[in-house]
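Observations on the model geometry
Residue strings, one per chain:
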Amino acid sequence: MAWITIAWKDIRLQLGDWVGLIWLFVTPIIVITVASFALSGLFNPTYQVFTVPVVQLDHGKVANQIVSNLRKLSALHIETTAMNGAGKVVPLTIQQARTKVQSDKAAIVIPQGFSRDVANGKQAALIVLQDPTDKVVPSVVSNILSKIVAGIQLHDIAVRAEIQGESNAVAALSAQVGHPLRFRLNPAQIARSSQAIIAHGQLRIQAQSVISDAAHTPSAFQSNVPGYAVMFMLFGTSFAGASLLSEKESGTLLKLRSLPIRRVDIIGGKLSSNFIVALLQAAILFAVGRLVFGMWLGNSLAGLCLLIIVTAFSATGLGMLIAALSKTRSQATGLSILIILTSSALGGSWWPLYIVPHWMQTFAHITLTAWSMDGFNQLLVYGNGLSAILPSVTALVVMGLLFFSIALWRFRWD
Amino acid sequence: MSMEEILETRGLTKRYGNLVAVNEVDFTVREGEIVGLLGPNGAGKTSLVSMLAGILEPSGGQAFVAGMDIVRDSARVKQIVGFVPQDLAVYPELSGYQNLSFFASLYGLKGRERAERISDVLDIVQLSGWAGKKVRTYSGGMKRRLNLAVGLLNRPAVLLLDEPTVGVDPQSRNHIFESIKNLVRERKIAVIYTTHYMEEAEHLCDRVAIYVDGRITACDRPQDLVARSGGQTITIGFDGELTEDVLASLKGLPNVSNAVVRMNSLELFTDSAVDIVGTVVARLRTVVQPTSLRVSGASLESVFLALTGRSLRD
Ligand SMILES: Nc1ncnc2c1ncn2[C@@H]1O[C@H](COP(=O)(O)OP(=O)(O)OP(=O)(O)O)[C@@H](O)[C@H]1O
Ligand SMILES: [Mg+2]
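Residues numbered from 1 in each chain as written. Chains lettered and ligands numbered in written order. Predicted model: local features only at pLDDT ≥ 70, side-chain atom pairs only at ≥ 80, totals over all residues. Heavy atoms only, no water.

Some remarks on a nonpolar patch on the surface
All names here are of chain A. A cluster of nonpolar side chains, Trp8, Ile11, Leu15, Trp23, Leu24, Phe25 and Val26, forms an exposed patch at the surface whose accessible area comes to about 680 Å². Elements with a contribution of two residues or more to the nonpolar patch: α1 (2-16) and α2 (18-38). Of all the elements, α2 adds the most residues to the nonpolar patch, at four residues. Considering the arrangement of structural elements, one finds Trp23 in helix α2. (Patch = residues over 30% accessible without salt bridge, like charges linked within 9 Å, V, L, I, M, F, W, Y side chains within 5 Å. Areas by Shrake-Rupley, 256 points an atom, 1.4 Å probe, with all protein chains shown as cover. Salt bridge = Lys/Arg side-chain N within 4 Å of Asp/Glu carboxyl O. Helix = DSSP H or I, 4+ residues; strand = E, 2+ residues; numbered from the N terminus.)

Focus on the interface of chain A and chain B
Taken together, the contact pairs 13 residues of chain A with 19 residues of chain B. Contact between chain A and chain B buries roughly 1,400 Å² in total, counting both sides, with carbon and sulfur atoms accounting for 65%. Counting the surface chain A buries against chain B, the share from its top three residues, Lys255, Ser258 and Pro260 of chain A, is 42%. Our count for the contact surface shared by chain A and chain B stands at zero salt bridges. At the boundary of chain A with chain B, the tally comes to four residue pairs in polar contact (both at pLDDT 80 or more). At the level of elements, α9 (221-250) and α10 (252-257) of chain A are the ones that each hand at least two residues to the side of chain A that touches chain B. Take the side of chain A that touches chain B: its biggest share by element is five residues, from α10 of chain A. (Contact = heavy atoms within 4.5 Å. Buried area = accessible area lost by both parts, 1.4 Å probe. Polar contact = N/O pair within 3.5 Å; in protein donor to acceptor, adjacent residues only side chain to side chain.)

Regarding the coordination of the magnesium ion (ligand 2)
Residue and element names in this part refer to chain B. Listed as protein donors to the magnesium ion (ligand 2) are Thr46 (OG1) and Gln86 (OE1); their distances from the metal cover 1.8 to 2.1 Å. Here the residue Thr46 occupies a position in helix α1 (residues 45-52), and Gln86 occupies one in the loop between β6 (81-84) and α3 (96-106), the gap between them amounting to 40 residues. Residue classification places Gln86 among the partly exposed positions, given a relative accessible area of 28%. (Donors = N, O, S within 2.8 Å, 3.2 Å for Na, K, Ca; no water. Buried < 20%, exposed > 50% of the residue type's maximum accessible area, 1.4 Å probe, protein only.)

So, the domain arrangement of chain A
Residues and elements named next belong to chain A. When the domains of chain A are assigned, the result is domain 1 (50-209) and domain 2 (220-410). Here domain 1 and domain 2 have C-alpha centroids that lie 49 Å from each other. Each partner contributes to the interface: domain 1 provides seven residues, whereas domain 2 provides six residues. Both sides of the domain 1 and domain 2 interface together cover about 560 Å² of buried area, and 46% of this is carbon and sulfur. Interface area lost by domain 1 to domain 2 is led by Gln102, Ser103 and Thr133, which between them contribute 64%. There are zero salt bridges connecting domain 1 and domain 2. (Domains from an automatic or database assignment.)

Observations concerning the pattern of salt bridges
Residues and elements named next belong to chain B. Counted by the stated rule, this structure contains 19 salt bridges over all chains. Between Asp69 and Arg72 there is a salt bridge whose closest N-O contact spans 3.6 Å. A salt bridge links Arg187 to Asp120; its shortest N-O distance comes to 3.6 Å. Here Asp120 lies in helix α4 (residues 111-125) and Arg187 lies in helix α6 (residues 170-187), a separation of 67 residues in the sequence. Under the relative-accessibility criterion, Arg187 is labelled partly exposed at 36%. One network of salt bridges, in which partners are shared, links Arg30, Glu33 and Arg207.

Re helix α5 (residues 140-152) of chain B
Between its terminal C-alpha atoms α5 of chain B stretches 19 Å, which fits the 18 Å expected from 13 residues at 1.5 Å a residue. Counting buried residues in α5 of chain B gives 11 out of 13 residues, a clear majority hidden from the surface. Next to the buried residues of α5 of chain B lie α10 of chain A together with β6, α3, α4, β7 (158-162) and α6 of chain B. (Expected span 1.5 Å × (residues − 1).)

Topic: the nonpolar core
Of all hydrophobic cores here, the largest spans 103 residues; its most connected members are Phe286 and Phe376 of chain A together with Leu100, Leu153 and Val191 of chain B. For this core, the element with the highest residue contribution is helix α12 (residues 301-325) of chain A, accounting for 12 residues. Not counting residues within four places of it along the chain, the set of residues in contact with Phe376 of chain A comprises Pro226, Val230, Phe286, Leu304, Leu307, Ile308, Thr311 and Val381 of chain A. Counting 30 residues, the second-largest nonpolar core is a separate cluster that includes Ile55, Met68, Val77 and Val81 of chain B. (Core = buried A, V, L, I, M, F, W, Y, C linked by side-chain atoms within 4.5 Å.)

Let's talk about the confidence of the model for chain B
Mean pLDDT over chain B works out to 89, with 97% of the residues at or above the 70 mark. Interface scoring of the predicted complex returns ipTM 0.83; its pTM is 0.76. (pLDDT = per-residue confidence, 0-100.)

Comments concerning the site of ligand 1
All names here are of chain B. Neighbouring ligand 1 are 13 residues; Gly42, Lys45, Thr46, Ser47 and Gln86 lie closest to it. The separation between an oxygen atom of ligand 1 and a polar main-chain atom of Gly44 is 2.9 Å. At 3.1 Å from an oxygen atom of ligand 1 is found a side-chain nitrogen or oxygen belonging to Glu163. Starting from 640 Å² of accessible surface for ligand 1 in isolation, the protein chains cover 60%. Sorting the residues of the shell around ligand 1 by element identifies β2 (19-30) and α1 as the ones contributing at least two each. (Near = heavy atom within 4 Å.)

Below, the structure written as structure tokens:
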């Protein structure tokens, strides 16, 4: 029967092509593995310990009490210090905490004079810095904090009430003995402050967003548009890069080499067209995001353009590298799909990187996607400017140059 | 005819691993001359021509075009060499005109000059009427003609044609031949023409190089090759199986330059058929039954067989 013959030939061809096999079987396994590790936190029944930076600007009794109570909780990892530029461990500053909130999602600030204000019965507030992109962590931290504070307050009131009682007893005793007995504490003062605390109610916990532009609460588009833009730029550039291989297969590359032009011109021409197409792709996606979905483009259009340009640059480089490492166009296609899907899962195209385990966040930065997404988050979620994306820009340029050099070195012209 | 030599190879060699595709080839081509490289599949024709076109690095030896080393002066050599690859090298999704325009630009041609060149080469390959159509819609022969046109764009001083007429119908082929001859006559260009078609070589080429296993066994005017080979072929048909030792003994006869068996017929190349035909038939009779006998004058084909022991038409 003819269809059996045809099926058999096709199965043989498909199973004989190792790159085809990679794409069919290995790629899904790798992507499933990466995605499962990434999302392990969401499904793991044992609770996750999360890090909470604490900026302790007050070292009074109450402040210390709060910090030590926080430390007793096994669900939290409390960080009060950081490394300074000289490599010394110093207390965390508010500025550092604001940055940390982008990955830890919440931080606690104990303001200066907090303990004194509490002691004097004045209004005192603890600040919870929070990243509004995350709905869970900041509210968990606020809840825990208010429980601790309530506990301290109750304890405090009880102690004060007892002292009050004692001092009343001392006063009664003084009346009996006929001369005033000295009491170490000033009963009048204690009475006043206890009253004040009870009257003013609890200590306040104040939420404060770390996003500088409060007018623009981030939507899902803020991370989906760049995420998918990066992924599809990678698809575009790798398929375009592979067209160098189809020119090799069709013989036009050979013909081009017989012309009085340099190899750099041939590669350079290919590169430029791939790069321009990638830029167009990104431009259209962001334009649709803006015009159709009303996505906010951040506070720095220059930064956004720069980031798109360097992302397109390194994506183009990766496309050329894939072409250089492949013998045929179909090999390049298989390799591209493997690399792109893995990078997207690992690098944060599909979900924000902060939800993946810490070790994986670090590991993710072998992909250009992770660097690019870091930059887009700085611009589009946190509303930061050019300086915030410099690490990403630098990393992407270095990666791009590296990819190009290896591609030029490894490309087989014959 | 004392023309200037425009192309020369000295010990030119190409190896692919252990395989020697081009084996220390020495030959020269003069201005205004068409030299045919006649050889069977796998002889190394494409390898040799690719080195001259600057797209394949020689493994050894040297070659010069207009006195310039093909490796060291590669860029300048490429300016004056036109290369028509054996495999089609045009973009199917572009029109014929767009293809030509693209390649012409890479030769640095602009504006009116480019347009003139393009219409010039379109005339030569008779594709002017199709220039605006996508190459994807061309017939196989038309694609070949476009492929040839691309190689003519830079008005080369040396034209390398690697089997350019495979699949081209006789009429178009004749037209291409006439055009090439005209170019050679008018512009004194030199042409290297690889082919495994005997008639093409005989018809078109001023000189023919017999090229087998990466070596040029003989290179001369077709008529001189034929004359020099001694000139006669004895063809004997037979029934039965001819043994190796009998064939060897026939080859060893005086005046016999070579002998080959094809199907059930023996071909023997000799200067003097009359002197040996009796002996040959007698020896054959010891093992097989001769059924027919024919003696003919030499042809390029018989020369090729005599020199290489191989046929071009297997
Ligand atoms: N890239 C390559 N790698 C290894 N061997 C090769 C390569 N290219 C050609 N060869 C071998 O070199 C020999 C000469 O090949 P070449 O293509 O030069 O022959 P040709 O005379 O042009 O043949 P044809 O008439 O079939 O076009 C052949 O044995 C071929 O298998
Ligand atoms: Mg060939």
